[in-house]
Structure formats: C-alpha cells, structure tokens
Amino acid sequence: MSTPPLASTAGGTTLGQLLHTVLRALREGTHARGGPLPQGGPQAVTARVRAAIGEVLPRQGDPDALHTLVRAFAAGAADPADPLCTAHLHCPPLAVATAADLAASALNSSLDSWDQAPAASALEALVTRALADELHADDALVTTGGTESNQLALLLARETRHTPGPLQLVCGANAHHSLRRAAWLLGLPEPVVVPTPNGILTPAALDDALTPLPRPVLVTATAGTTDAGLIDPLPDLADLCAARGARLHVDAAYGGALLLSDHHRHRLHGLDRAHTITLDLHKLGWQPAAAGLLAVRDAADLAVLAHHTDYLNATDDTAAGLPDLLGRSLRTTRRPDILKIAVTLKTLGREGLGALIDQVCALATQFAALVDTHPSFDLYAPPTISTVLFRPTGATDAAVADIRRQLLHDGRAVLGRAAPDGRLWLKATLLNPHTQPGDLAALLKLVEGNTPA
C-alpha cells in the first residue's frame, strides 16, 4: 500500500480531488435528508449511520469511505443553513470562513509555540488586538466558546482578587449554565443565584443579593440570554458593582456582536465597563465552531496564566525574541481559529457584518409580528436580538413539548424550547440571513398543523 498523501505538502491536486468528493457527498446527503433534520428520530438515524460505516476499523481500508461517510453525515445532520432549523445559537457558517478553516486544518498549525505557528501567532495578536479595541478592552484571548471564556473569567477573578477569602460568584437565574459549572470546577463556593422573574437581572435584586455578602465578589451579567435573547441593564449593573467593589463579567457570547451594527450597538451601552467579556463569533458572527473570545479590561490580569516549559517557551528563546504563547490559553495544542475570523472581518468589513446582523434582527421582528397577529398563537415578547418565543394559544406545556418533538421526528422543523416564566415556549433563533418571509410563514404553518385541536 502506498503512503497516503498529506494535505499541505502533496500539492493541491489530491486535496482538490478529495474536495470534489466531499462537495458531491454533501449535495447528495442534503438531498437525501430533504429538510432541516433527518426523519425518524434517534433510533432511525443511528441505524442509518451504523449501516453506512459498517466495520469501524476494517483490516483493509475502503477507498470510498470519504464519500460514504460524508454523505451519511450530511443526510443525518441538523442543517443550520435550512431556514426551518432555528432551535439554537447554531449559525450557518459563511462559505469564506469555512474555506479559511480548511486552510487552517490543512496546515495544522498549533498555537502553543512560535515555531509551530509563526504567521498564526502574528495574525492572532493583530486580530485579538483589533477585537479588544472594539470591546473597549485591553486584550483578548481566543477560546473555544462561551463555556471556556466564562471559565477563564472566573479563574482570572479568583486569581486577581484584592481582598482575602474565597471568590463569590453572583449571577442571575438567567445566566448561562456554564458559569455555575465553572464555579464548581474551580472549587468556588456555591454561586448566589438572583431571581430574574422578568428574564433580566435587575439592579434592585442584585443590590439585595450583594448586601450580606463579604468580598471578593464577581457579578456576572448577560447580554443575550440563551432562552429569550434578553440583555441585562448593563449601565445600572456596572454602577452598582463599582459602588459595591464587585468585579463585573458580562457574558455577551450571543449579543456581543451587536457592536458591529450601527443600528443595534446602543443595546450594549455599558459593556465597556466590564472587567471581562465573553464573545462567541460562532453565534452571531457566522463562523464555523469554534470561534470564541474573552476580552479583559486590564491585560495585567492575564499574567496569572503564565506558564513555563522548556520545550515550548525556553527562557533564552523568549529573551531572543521568540513570542511566548503559553500564557494565551489554558490549552496547549490550539488550532489557529483566528484565520477564519480574520478572513471574515477582512472580507466583509464592519458594514458587511453589520448588515448581516441587521438582517437577522429584522427577520426576528417580522416573525414576531407574524406570531402576534395570528389568532392561534401567543408571543412571549418582542425580540431583543434574533430570538422569538411563541406558543399555540391555550396549549398545555405537554402539548407544546409534543409539537416540538413531532416536528423533530418528522424532520420538518427544528425549534428550541424555553421556560422563562415557568411556562414552556417554542423558541426560534433566527441566524440565517438568507431566510425569507415565506420561510417564516411556513414555519408557523407547520406548528399550527401539528397543534392538537
């Protein structure tokens, strides 16, 4: 058996031929699926995947495996590019970002030492500096997403606290689950969770929670909740944190990209006063996952991440001018996710990205109006970003759950679920700028057609 060709050193011919195979398999698989989700539910999908792969590690290789498995993968995928796939903060990636991601995979640079990623390390420094400026921050780190960014924010707060005692996390009930999990992982006390009956963390409720607490305290606010896309009152919360000597972290994984829109950036007023900010560009930034950031107001906070190991950042190497990359992440091997981000920013510019954000926000407003004027549906509230919650009028929570699962089983539509007020609502998160008004009407008609009489 001849040695298989490599991605970057065998020339473009082999990779180009394989890409033709991949694109053909993607087309065939998407056609076979016929909708946003495969039909039949988990057991049927598992059976089809099992049939496609057969023996996972055969004695003799199969030259058609790429086509076979990519086709099965596409046929069994939840496709965020389908306008009826609206459940989660799971965007359809831009073609240009996906193409750049291929280049990153082919070269397989790793950002744990300069000699593995000379250009990637320079590019990351330039792009994170530019994005930190957008967030009025001092520096920014590339992460795998909101979970890692939130975990790092808690770690930095714990390690840079200026008063003795364990760090106490205070967050709203609307906060992302990763914050409470990070507190557990870092050995912090059980978080103080402030009730958010209207979906946002109010200054009055936060003030009541802070009053009996000793310092140090980290308050987390949210700019784009996962249930309804709501934004906490950032200026008022920042005022309160400053008055109480509490550190402020803002989880803007969803909503942070609104800064790129001239029409919507005002919604993030006060974000610049946070000590740390989470941002995900694989949500409202149309990047293939992963594409997260953690911005810090004071770059000196990052000093606690410094780590030395001779084979990656030897003292004499750094003294000679080789960049030390280990303090830029808790990970060692780290792919250059910055390339796709840089290509997207450069290709679309602020106006292009802002236009995409404006489009999906407008789609959400259109869909909310469609729901609000329909006699058979209730609207939770006008959308803040691009998430719309709705439910059939008079339906029980059990009926709402059944509608969602039936649409999933049939492969007709992918809707999320949320219970911001204790009742179960269907959730449509509109992140596809190519969605048309007719698609929105079709989505509502599908729900109506599956609602029990």
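Residues numbered from 1 in each chain as written. Predicted model: local features only at pLDDT ≥ 70, side-chain atom pairs only at ≥ 80, totals over all residues. Heavy atoms only, no water.

> I keep staring at the pairing of strand β4 (residues 217-222) and nothing clicks. Help me out?
Successive residues of a regular strand alternate their side chains across the two faces of the sheet. With respect to burial, β4 is a largely interior element, six of its six residues being buried. Every second residue of β4 is oriented toward a common face, with Val217, Val219 and Ala221 on one face and Leu218, Thr220 and Thr222 on the other, all of them buried. Pairing between β4 and strand β5 (residues 247-251): five bridges, direction parallel. Bridge pairing links valine 219 to leucine 248 in β5. In this region the chain leaves β4, passes through helix α9 (residues 234-244) and returns to the parallel neighbour β5; the handedness of that crossover is right-handed. (Buried < 20%, exposed > 50% of the residue type's maximum accessible area, 1.4 Å probe, protein only. Helix = DSSP H or I, 4+ residues; strand = E, 2+ residues; numbered from the N terminus. Pairing = 2+ DSSP bridges. Right-handed = clockwise from strand over helix to strand, strands pointing away.)

> Explanation requested: the layout of surface pockets in the structure shown.
Gaps left between atoms show up when a probe the size of a water molecule is rolled over them. In this structure, the largest pocket spans a volume of roughly 1300 Å³. Along the wall of the largest pocket there are 40 residues; nearest its centre are Leu26, Phe73, Asp79, Pro93 and Thr98. Counting residues per element, the ones that place at least two in the lining of the largest pocket are α1 (12-33), α2 (41-53), α3 (65-75) and α4 (95-107). Here the lining of the largest pocket takes seven residues from α1, the largest share from any one element. Taken together, the residues of the lining of the largest pocket break down into 26 nonpolar, nine polar and five charged. Its volume calculated, the second largest pocket comes out at about 290 Å³. Forming the boundary of the second largest pocket are 16 residues, of which Thr160, Arg161, His162, Arg247 and His275 lie nearest the centre. (1 Å grid on protein atoms, 1.4 Å probe; cavity = no way out; pocket = protein on both sides within 12 Å on 5 of 7 lines; lining within 4 Å. Points joined across faces, edges and corners; volume = space filled by probe spheres on them. Nonpolar A, V, L, I, M, F, W, Y, C, P; charged D, E, K, R; others polar.)

> What am I meant to see in the sheet that holds β5 here?
The strands that make up a sheet are held in pairs by hydrogen bonds between backbone atoms, and each pair lies either parallel or antiparallel. An order of β1-β7-β6-β5-β4-β2-β3 is seen for the seven strands of this open sheet, with the pairing classed as mixed. Because the sheet does not close on itself, it has two edges, and the strands there are β1 (139-143) and β3 (192-194). Taking each pair of neighbouring strands and ignoring which way they run, the sheet shows an average axis angle of 20°. Examined bridge by bridge, β5 and strand β6 (residues 276-280) share three bridges and lie parallel to one another. The residue of β6 that forms the bridge with histidine 249 is threonine 276. Set on the sheet, helix α5 (residues 118-134) makes contact with β1 and β7 (292-296); between it and β1 the angle comes to about 120°. (Axes fitted to C-alpha atoms, helices over the stretch in contact; angles between N-to-C directions. Contact = heavy atoms within 4.5 Å.)

> When you look at the state of the cysteines in this model, what are you seeing that I'm missing?
Among covalent bonds in proteins, the disulfide is the one between the sulfur atoms of two cysteines. If you walk through the whole model with that rule in mind, you get zero disulfides. Summary of cysteine pairing: cysteine 91 is not part of a disulfide, and the nearest cysteine sulfur, belonging to cysteine 85, is at 11 Å. Unpaired in terms of disulfides, cysteine 241 finds its nearest cysteine sulfur in cysteine 171, a separation of 12 Å. Relative accessible area serves as the criterion here: at 2%, cysteine 241 is assigned to the buried category. (Disulfide = S-S within 2.5 Å.)

> Would you mind showing me how to read the packing of helix α12 (residues 338-372) against helix α14 (residues 437-449) here?
Helices that pack against each other are described as a pair by the angle of their axes relative to one another and the distance between those axes. Between α12 and α14, the least distance of the axes is 10 Å, while the angle of their chain directions is 40°. With respect to each other, α12 and α14 are oriented oblique. Judged by the sense of rotation from one axis to the other, the crossing of α12 with α14 is right-handed. Every residue of α14 that contacts α12 at Leu363, Gln366, Phe367, Leu370 and Val371 is listed here: Pro437, Leu440, Ala441, Leu443 and Leu444. Its residues placed into classes, the contact of α12 with α14 shows nine nonpolar, one polar and no charged. (Parallel < 35°, antiparallel > 145°, perpendicular 65-115°, else oblique. Left-handed = near helix turned anticlockwise from the far one by under 90°.)

> Help me understand the packing of helix α8 (residues 203-210) against α9, please; the structure alone is not making it clear to me.
Axis separation between α8 and α9 bottoms out at 10 Å; the angle between their running directions is 20°. By the angle between their axes, α8 is roughly parallel relative to α9. Crossing hand, α8 versus α9: right-handed. On α9, the residues touching Pro203, Leu206, Asp207 and Leu210 of α8 are Asp236, Leu237, Leu240 and Arg244. Tallied by class, the residues present in the contact of α8 with α9 amount to five nonpolar, no polar and three charged.

> Is there a simple way to explain the packing of aromatic side chains in this structure?
How two aromatic rings sit relative to each other is set out by the distance from centre to centre and by the angle between their planes. Tallying each qualifying case throughout the model produces three aromatic pairs. Between phenylalanine 367 and phenylalanine 390, the aromatic rings sit 5.3 Å apart at their centres with planes inclined by 90°, giving edge-to-face as the arrangement. Linking phenylalanine 367 in helix α12 with phenylalanine 390 in strand β9 (residues 387-392), this pair joins segments that are 23 residues apart in sequence. Centre to centre, the rings of tyrosine 380 and tryptophan 425 are 5.3 Å apart; their planes meet at 70°, and the pair counts as edge-to-face. Of this pair, tyrosine 380 sits in the loop between β8 (377-379) and β9 while tryptophan 425 sits in strand β11 (residues 425-429), and the two are 45 residues apart along the sequence. Ring pairing ties together the aromatic residues Phe367, Phe377 and Phe390, which thus form one cluster. (Phe/Tyr/Trp six-rings, centres within 6.5 Å; stacked < 30°, edge-to-face > 60°.)

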